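Breakdown of the fold
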Amino acid sequence: MSAKLELYGERFDSRLLVGTALYPSPAIMRESVRESGAEIITLSLRRQNPEQQQGKMLWDYIRESGCRLLPNTAGCKTPREAIALAEMSREIFRTNWLKLEVVGDDYNLQPDPYGLVEAARELVERGFKVLPYCTDDLLVCRKLLDVGCEVLMPWGAPIGTGLGLLNRYNLRTLRERLPDTPLIIDAGIGAPSQAAEAMEMGYDAVLLNTAIARAQEPVQMARAFRLAIESGRSAHAAGLMLQRQTASPSTPTLDMPFWQQSDPATQ
Amino acid sequence: MEIQVNGESRRAERNDLPGLLRELGYSGETFAVAVNGDFVPRAQYPDTRIAEGDHLDVVAPVVGG
């Protein structure tokens, strides 16, 4: 098992990808990203008036951070919107990497599988390295691979909910059936234990934002997630024991004192 | 002419995209443009004409998850 995360031919030491939104301040965002150890950060594009300077300030920080950029198409509801925003991202951020989001439902921000596959096909043809934010459906994931995605990012739970891995059966199925595809749990993670569980399951990495940004102490939480993900990865590499339904003593039973063959209490 | 800039109507004089962007106050390279929902690469700005009623989107980097 490779010690490094490999995505589209590039290798990374960190298996935690983080978003840049919702932090109490830009300074806390920067410190949290640093403490998380993340080498890949997500960001986006929005309408901007000429007098606003946030875009340039953010861009300056991002260049300093040395992180690989993963622009998203958050909020796009159709392939057409997502493709236009992807092209705008490629021009501004000078990367063909893309976290592709095509949202099908306003209430749970569920990815639209049909729009997602259609947009992914077109973007791969246009030379993008597409990392689709998708549901945990095996057949949708296969379609995304068929159209040229080399990495998949199934949800753990809806964005911003912190509910963790809602459908373990589906997530395990994806891992077992797509053993050679880098799989990243994207969204829904609320606690380091949930991220560790994803890694124990054999997921290659975890992408999250809200769980760190909305913690009472984001910098400390960033560290907690870094440790949990390292721990979960290490556990997966070590191989978990098989679960069983009946107890099995860990202390040797041989030469137990007080034991008598004829004692009814011990039989 | 009357156009939509980032979802708001406004009047503009210039109909060439570089001139219009200057008129609107955009400078530098940290923005990207779509006209009527289609991306316009920077290299095509000089050849792009804007007409009455067109929708212009000008976007810049923001934080995101």
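Residues numbered from 1 in each chain as written. Chains lettered and ligands numbered in written order. Predicted model: local features only at pLDDT ≥ 70, side-chain atom pairs only at ≥ 80, totals over all residues. Heavy atoms only, no water.

Describing the UniProt feature "binding site: 1-deoxy-D-xylulose 5-phosphate" (unreviewed entry) in chain A
Put simply, the rule reads: UniProt positions are given in the numbering used here, feature names are shortened, and annotations may be inferred rather than shown by experiment. Throughout, the protein atoms alone are placed on a 1 Å grid, and a set of points is a cavity if a 1.4 Å probe fits but cannot get out or a pocket if it is open with protein on both sides within 12 Å along at least five of seven lines; lining residues have an atom within 4 Å of a point. Starting at the N terminus, helices and strands are each numbered in turn, a helix being any DSSP run of H or I of at least four residues and a strand any DSSP run of E of at least two. Every residue pair with non-hydrogen atoms within 4.5 Å of one another is taken to be in contact. Any pair of N or O atoms that falls within 3.5 Å is considered a polar contact. Within protein, one atom must be able to donate a hydrogen and the other to accept it, and sequence-neighbouring residues count only if both atoms are side-chain atoms.
Here, the residues flagged by UniProt with the feature "binding site: 1-deoxy-D-xylulose 5-phosphate" (unreviewed entry) are A:G160, A:A187, A:G188, A:N209 and A:T210. The greatest C-alpha distance among the residues just named is 9.2 Å, despite their covering 51 residues of sequence, which places them together in space. Those annotated residues from the list above that line the largest pocket are A:G160, A:A187, A:G188, A:N209 and A:T210. Tracing the backbone through its elements, the reader meets A:G160 in the loop between β8 (153-154) and α6 (168-177). Of note, A:N209 is situated in the loop between β10 (205-208) and α8 (210-213). Once residues lying within four places of it in the same chain are set aside, the contact partners of A:N209 are A:G19, A:T20, A:A21, A:Y23, B:G64 and B:G65. Polar side-chain contacts of A:N209 include one of 3.5 Å to the backbone nitrogen of A:T20.

With respect to the pairing of strand β2 (residues 8-11) of chain B
All names here are of chain B. What counts here: Pairs of strands are assigned from DSSP output, requiring at least two bridges between the strands.
In the sheet, strand β1 (residues 2-5) pairs with β2 via 4 bridges, with the strands oriented antiparallel. Bridge pairing in β2 places Q4 opposite S9. Taken together, β1 and the strand that follows it, β2, pair antiparallel across an intervening segment of 2 residues, in which N6 is found at a positive phi of about 50°.

Looking at the pattern of salt bridges
Residues and elements named next belong to chain A. Where we set the bar: Any Lys or Arg side-chain nitrogen located within 4 Å of an Asp or Glu carboxyl oxygen qualifies as a salt bridge. Buried residues are those whose accessible area, probed at 1.4 Å on protein chains only, stays under 20% of the maximum for their type, while exposed residues exceed 50% and partly exposed ones sit between those limits.
This model, assessed by the stated rule, comprises 19 salt bridges over all chains. Its salt-bridge partner being E35, residue R226 comes within 3.3 Å of it at the nearest N-O pair. Residue R226 is located in helix α9 (residues 218-238), and its partner E35 is located in helix α1 (residues 26-36); the two are separated by 191 residues in the primary sequence. For the salt bridge of D60 with R63, the shortest nitrogen-to-oxygen distance reads 3.2 Å. With a gap of 3 residues between them, D60 and R63 both fall in helix α2 (residues 54-65), about one helical turn apart. Looking at R63, the relative accessible area reads 48%, which means it is partly exposed. Through salt bridges with shared partners, a single network forms among E87, R90, E122 and R126.

Here's the deal with helix α1 (residues 17-24) of chain B
All names here are of chain B. Among the residues making up α1, those that are buried are L17, G19, L20, L21 and L24. Buried positions along α1 lie against β1, β2, β3 (32-35), β4 (38-40) and β5 (55-63). At the N-terminal end of α1, a side-chain oxygen is found 3.0 Å from the backbone nitrogen of G19, two or three residues along, and the residue is D16. In the stretch just after α1, G25 is the one whose phi turns positive, near 100°.

Topic: the interface of chain A and chain B
This is how the line gets drawn: Buried surface area refers to the total accessible area, computed with a probe of radius 1.4 Å, that the two partners give up upon joining, counted for both partners together.
Counting residues at the interface gives 29 residues for chain A, matched by 28 residues for chain B. Where chain A abuts chain B, roughly 2,300 Å² becomes buried across the two surfaces, and 60% of that area is made up of carbon and sulfur atoms. Ranking the residues of chain A by area buried against chain B places A:R47, A:M88 and A:E91 at the top, with a combined share of 28%. Here chain A and chain B share 3 salt bridges between them. Of the charged contacts, one joins A:R47 and B:D57 as a salt bridge, the two residues approaching to 2.6 Å between their closest N and O atoms. Summed over the shared surface of chain A and chain B, the result is 15 residue pairs in polar contact (both at pLDDT 80 or more). Of all elements in the fold, only β4 (40-47), α2 and α3 (79-93) of chain A reach the threshold of two or more residues within the side of chain A that touches chain B. No other element matches α3(A), which puts 7 residues into the side of chain A that touches chain B. In terms of strand pairing, β4(A) meets β5(B) through 5 bridges, oriented antiparallel. By the bridge assignment for β5(B), A:R47 is matched with B:V59.

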